[in-house]
Amino acid sequence: MSEVRIGVFVCHCGSNIGGWLDVPEVAEYARSLPNVVFAQDNLYTCSEAGLSQIKNGIKEHNLNRVIVASCTPRTHEPLFKRVCQESGLNPSLFEFVNIREQCSWVHMQQREAATQKAKDLIRAGAAKASLLEPQEDIYVDVEPRALIIGGGIAGLTTALTIANVGFDVKLVEKEKELGGLLRHLYKLYPSNEEAAAVITPRIEAVRNHPRIEVFNDSTVRDVRGFVGNYDVIIASDGKEETIKTGVIIVATGAEELKPQGLYSYDGQKVITQMELEQLLADGNVSATKVAMILCAGARIPERTYCSRTCCMTAIKNAVLIKKQSPEAQVYILYRDLQTYGTEYEEYLRMSKEMGIRYIKYSLSNPPTVSDGGVKVYHELLGRELNLETDLVVLATPLVPHSDAKELAKKLKVPLEQNKFFLEAHVKLRPLDFATDGIYLCGCASWPTDVEQTIAQALGAASRALIPLTKGQVKVEPIVSSVDQDKCIGCGICEYLCPYKAIAVFPTDKGDRASTIVASCKGCGVCSSHCPMMAITMQNFNDDQITAQIAALAAV
Amino acid sequence: MDNQNDFEPRILGFCCNWCSYAGADLAGVSRMQYRPNVRVIRVMCSGRIDPAFVIEGFLRRMDGVMVLGCHLGDCHYLTGNYEAINMINEARKLLEYSGINSGRLLLDWVSASEGARFSEVVTNFTEEIRALGPLGAAEGRDFSELEFKLRAAQATARGEKLRWVAAKQTEFMTEGNKYGEVFSRHELNRMLEGVIADEMAVNEILLLMKERPLSVKEMAAAIDLPPPRVLRYVSALRKKGLVDLQSLDGNSPRYAIRVEEEVQQ
């Protein structure tokens, strides 16, 4: 094997790393490590300037291994691997060392210890890099079909977008009817257009689209496979059907919290905004003294998040009541108002001009609802008010569906702490899951209003269209390989592999296992269990991991 | 006692790419501060962790080893973390046989959304190891003594015999062996322990003989086992052609590892 020449690029990440540990010292140290022929620190390694420094480094110093010590590999690994490839270096010869999320950001008051830890991690990275081997990329064909879970505004929009490009779409809806939450809304802010005018044409378009097949009253029973080649088993009417699909989009939405036990909720005199929408749609609001309580069941210890849509929904419904009967008194009891952007802020100002009254309360001193009235301590006036009411409306948050956990388990994607679906990265990959080929949009990931939902749905459709239009996806060459001379064909690996990606085949040496690379997901269970130690997990092999352990333990 | 207070444990961590490593990242994004004692190696799945890696960590004088995977049922690879339970269970037994407090090895679950939990697990484990003291302190032994045992444990972990039983655990507990006999966890543990006891002894004997030829009596004294049992192992090794009678010390035969040229003949 030719001489190993490692280049180490240590990132300041502005002050994110550089502010908390001594980056130049770390780079200096890296230079002293075995096989390291070049090391430098960069302000932002991921910037254009940083990337060209890597390219120059590879060229000028004839590097055949590259290490970037910066953020988590979960974010920028593909970027740096691409840069290596552009410079003629096999991307498998790139190694990432995480000194931000798992070092500088978590040891902010311990500069020396953090600097030492960064050095240790880079030493282990260099030990592994020395043993990296070039791998060939693996390409897998993509089944030209999308499966969308959820038939609300998000699902309908993604379905139409993908189908209009020319791909088959299967849309799975657990309820009888399409339309989701919008079926229960009257008018939408900030334009006050009717929800039906938004949703009905879309439902019609989906129903009549030759490329879209709708499965209503149906649920996802099981999901198998990997990007480009998912098998999704749909259960409807007691029957099961397996759908082969290249991509999956989760557009399952959310539901309104039913505020049982909150503020004397009874569905009659004390109702939710969703129930008010129905009354408004039916023209059944006769109340003239209305109090709306915001953050009912939201931003409290057991449900800490802001549901984002409820402030504007309440203001919009208050305006609608006021428009219907201008003499009506409408109070909005709020803790903080979220009316971001120009249009919503304008809408708020308009509502104040119409005479809607805003009263600020605090979590420690919430309003109390009794028959015919609401008592509230006005934070800004500093005294208690007794409001006479004939209707109390609670703005409750959107909450995830109770079956989200079950679906997440089938898809093998994570939920966040409030049980909404968790995207791959909050900023950089907001519409993807970490699992390739699965995307999300709308309220499945967080409460979003119609405008945001449509934007996300279009975005998720575009993301899903990338593998569909390419027709092929590249699979990370993190796969196992079997040493046919050591293998005795016992079949333990075949039994343990969760993807049936390794199997025993007859060969002229007798039965021998071998890996089906397109199916292999790289977990390495076969390798850690092989009695003969015949299986190598590429990029995470025994020698590499042992070298990392030894390097970490050195000093 | 000052030493004890200044002691900064060296801890090796293994995190799976999908859950615990992401949880560790989230702890960073959330700026949760924790002790800088753990050095993490990223693997794709906790089921990748070979008990040999754990032993290697202690051989390299780490004071603690921590393996974190996805919560049970949430594994990105479906069942990898159940296999991690089997593997870590085996590693724990090897440590116990090596005289190492198995509290130095932690297997726990952290999801991608549990940044706070990651920092809590790390903090708690760091403090537990700090309380145990440097490797050997809680054990009341010198590292050199432990090292010998760990080298035997390493060979045992990499040896075919133990790997067979360990790898078959899931199958034996669910579908049973080829006669359809299904084993309980308890029965499997006893089976594992039996194999570990034999293999540890064999590997210790081989390690001793690598130093110099020894009589059964000398070996038995060195590894604190009854001489008849040692003789049984030595005879088995002779049958396999790994060990030869080297010389006689009075009436006691001395055995040595067969040198390679002879094996090739």
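Before reading further, recall that the structure is shown in the block above.
Remember, predicted model here, so these are calculated numbers, not experimental data.

Draft legend 1. Just the overall build of chain A, in detail. Helices and strands together make up the secondary structure of chain A, namely 15 helices and 30 strands. With the C-alpha coordinates of chain A rotated into their principal frame, the extents come out at 85 × 60 × 40 Å. Relative to its 555 residues, chain A shows a buried fraction of 58%. Pairs at least 24 residues apart make up 69% of the contacts formed inside chain A by residues separated by at least 6 positions. In the structure as shown, chain A presents an accessible area of about 23000 Å², 49% of it carried by carbon and sulfur atoms.

Draft legend 2. Up close: the overall build of chain B. A count of helices and strands for chain B gives 12 helices and 7 strands. The dimensions of chain B, computed from C-alpha atoms along their principal axes, are 70 × 55 × 35 Å. Here chain B holds 265 residues, and the buried ones make up 57% of them. In chain B, of all internal contacts separated by at least 6 residues, the share reaching a separation of at least 24 is 72%. Within the structure as shown, chain B displays about 11600 Å² of accessible surface, and the carbon and sulfur contribution to it stands at 50%. Placing the 33 positive and 37 negative side-chain charges of chain B at their respective mean positions leaves the two points 3 Å apart.

Draft legend 3. Representation of the sheet that holds strand E1 (residues 11–16) of chain B. All names here are of chain B. Pairing is parallel in the open sheet, where 4 strands are placed in the order E2-E1-E3-E4. Every other strand in the sheet has two partners, leaving strand E2 (38–43) and strand E4 (105–109) as the edge strands with one partner each. For this sheet the average axis-to-axis angle between neighbouring strands, irrespective of direction, equals 20°. Bridge analysis of E1 against strand E3 (residues 64–69) gives 5 bridges, and the strand direction is parallel. Note on E3: the bridge partner recorded for Leu-12 is Val-65. Docked against the sheet, helix H3 (residues 51–59) engages E1, E3 and E4, running at close to 150° with respect to E3.

Draft legend 4. The arrangement of the pairing of strand E21 (residues 373–378) of chain A in detail. Residues and elements named next belong to chain A. Of the strand pairs in this sheet, strand E20 (residues 368–370) and E21 are connected by 3 bridges, and their pairing is antiparallel. Its bridge partner lying in E21, Ser-370 is registered against Gly-373. In this structure, the hairpin formed by E20 and E21 is closed by a connection of 2 residues, where Gly-372 is found at a positive phi of approximately 85°. As judged from the 6 bridges shared by E21 and strand E22 (residues 383–388), these two strands associate in the antiparallel manner. Looking across to E22, one finds that Val-376 is bridged to Leu-385.

Draft legend 5. Structural detail: the environment of B:Arg151. Residues and elements named next belong to chain B. Structurally, the position occupied by Arg-151 is in helix H6 (residues 143–158). For the pair Arg-151 and Met-219, spaced 68 residues apart in sequence, the C-alpha separation works out to 16 Å. Apart from residues no more than four positions distant in its own chain, Arg-151 is found in contact with Leu-59 and Leu-207.

What counts and how
- Residues numbered from 1 in each chain as written.
- Chains lettered and ligands numbered in written order.
- Predicted model: local features only at pLDDT ≥ 70, side-chain atom pairs only at ≥ 80, totals over all residues.
- Heavy atoms only, no water.
- Helix = DSSP H or I, 4+ residues; strand = E, 2+ residues; numbered from the N terminus.
- Buried < 20%, exposed > 50% of the residue type's maximum accessible area, 1.4 Å probe, protein only.
- Contact = heavy atoms within 4.5 Å.
- Areas by Shrake-Rupley, 256 points an atom, 1.4 Å probe, with all protein chains shown as cover.
- Lys, Arg positive; Asp, Glu negative; His and termini not counted.
- Charge placed at Lys NZ, Arg CZ, Asp CG, Glu CD.
- Pairing = 2+ DSSP bridges.
- Axes fitted to C-alpha atoms, helices over the stretch in contact; angles between N-to-C directions.

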